Amino acid sequence: MERLQKILAQAGIASRRKCEDLIVAGKVEVNGEVVTTLGTKADPDQDIITVSGRPIRNEKKVYLVMNKPKGVITSASDPEGRKIVSDYLRDIKERVYPVGRLDYDTEGLLLLTNDGEFANLLTHPKHHVPKTYMATVKGVPHGTELDKLKQGIMLDDGMTAPADVEYKDIDTAKNEATISITIHEGRNRQVRRMFEAISHPVIKLKRISFGELLLQNLKRGLFRHLTKNEVEDLIKLAKSPKLPRK
Ligand code: URA
């Protein structure tokens, strides 16, 4: 038996907090009875649970890590007919969705799940889960320019939190640099916008880690299931108290 709001959140209905609102608002029924008391428990395998009259899905929880190729979108469908991540997940019968986004042009580590609560936990800005990217940028940024990214830089949606930034490679012949950058937020096109803000636009972007999970040698376009330990470590990291970042 689990608390109803937890079952609903895990089924991907909404965050646990929003599911509580749905319960209090009388939208949730268990075996045909409206339940408005928070903390009511139910058994997702036995009870028929509906939200606004629609039964919730009670699928096995699936957690995947994929190496998303460039030129693939993370949405469930694309009106322009471009490739979508589910094209790469034909063997997975559960309906999984990405934990956060990766741009069409960004490659690398993408988590996918049908566990709404897990996805909300890892993407909620207050949990500051670190994500590391390898960014190849135009020109070779000066140390003082990278310091701006380390301290936090003003974007059109506000200051970024401090990032960890390190030179990885400098190609003077091509006039490019590869820089690793770890951010603790997940704003839209954040890394690209941060480098644009110091006038070194990104040429290539690859996510290589999410929390402590590394992409390692997972081949482009392939995926694997996370181990139970990997799932638990990600949850633990998201829930762990962190120093406040601004
Ligand atoms: N930052 C970006 O600019 N793009 C991504 O896909 C992820 C982070």
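About the thresholds
Every chain is numbered on its own, with residues counted from 1 as its sequence reads. Restriction of local features to residues with pLDDT of at least 70 applies here, the model being predicted, together with a cutoff of 80 or more for giving and counting side-chain atom pairs; totals for whole chains, interfaces and linings are based on all residues. Computation of side-chain values covers all heavy atoms of the structure but excludes hydrogens and water. We call a residue near a given molecule or strand whenever any one of its heavy atoms falls within 4 Å of it. N or O atoms within 3.5 Å of each other form a polar contact, as long as, within protein, one can give a hydrogen and the other can take it, and as long as residues adjacent in sequence are counted only when both atoms are side-chain atoms. Note that accessible areas follow from Shrake-Rupley with a 1.4 Å probe, and for residues the cover is restricted to the protein chains shown. Under this grouping Gly is polar, as are all residues other than the nonpolar Ala, Val, Leu, Ile, Met, Phe, Trp, Tyr, Cys and Pro and the charged Asp, Glu, Lys and Arg. Any two strands with at least two DSSP-identified bridges between them are counted as paired. We count a stretch as a helix when DSSP gives it H or I for four or more residues in a row; a strand needs E for two or more, and each element gets its number in order from the N terminus. Residues enter a nonpolar core if they are buried and are Ala, Val, Leu, Ile, Met, Phe, Trp, Tyr or Cys, with the set joined through side-chain atoms within 4.5 Å. Under the scheme applied here, a residue whose accessible area is under 20% of the maximum for its type counts as buried, over 50% as exposed, and between as partly exposed, the area being computed with a 1.4 Å probe on protein chains only. Source of the domain bounds: an automatic or database domain assignment. What makes two residues a contact is simply this: any of their non-hydrogen atoms within 4.5 Å.

K.L.:
Give me the lowdown on the site of the ligand, citing residues and values where you can.
P.N.:
The environment of the ligand is made up of Leu102, Asp103, Thr106, Tyr133, Arg189, Gln190, Val191, Arg192 and Leu205. Between the ligand and the protein, one listed contact pairs an oxygen atom with a backbone N or O atom of Gln190 at 3.4 Å. Across the complex, the protein chains shield 96% of the 240 Å² of accessible surface that the ligand would expose by itself. Its residues assigned to classes, the shell around the ligand shows four nonpolar, two polar and three charged.

K.L.:
How would you sum up the sheet that holds strand β2 (residues 28-30)? Please name residues and give values.
P.N.:
One open sheet accounts for four strands, arranged β3-β2-β5-β6; its pairing is antiparallel. Each edge of the sheet is formed by a strand with only one pairing partner; in this case those strands are β3 (33-34) and β6 (54-55).

K.L.:
I'd love a proper account of the nonpolar core, names of residues and values included.
P.N.:
As a rule of thumb, nonpolar side chains are buried together in soluble globular proteins. Leu112, Leu149, Ile181, Val191, Met194 and Phe195 are the most contacted members of the largest nonpolar core, which totals 30 residues. Put simply, the parts of the chain that give this core at least two residues each are β7 (63-68), β9 (106-113), β10 (131-138), α4 (143-151), β14 (176-183), α5 (190-197) and β15 (202-210). Here the element with the most residues in this core is β14; it accounts for four residues. A domain split of this core shows at least three residues from each of domain 2 (63-125 + 216-239) and domain 3 (130-210). Ignoring sequence-local partners within four residues, the contact set of Leu112 consists of Val62, Tyr63, Leu64, Met66, Val85, Leu89, Val96, Tyr97, Pro98 and Val99.

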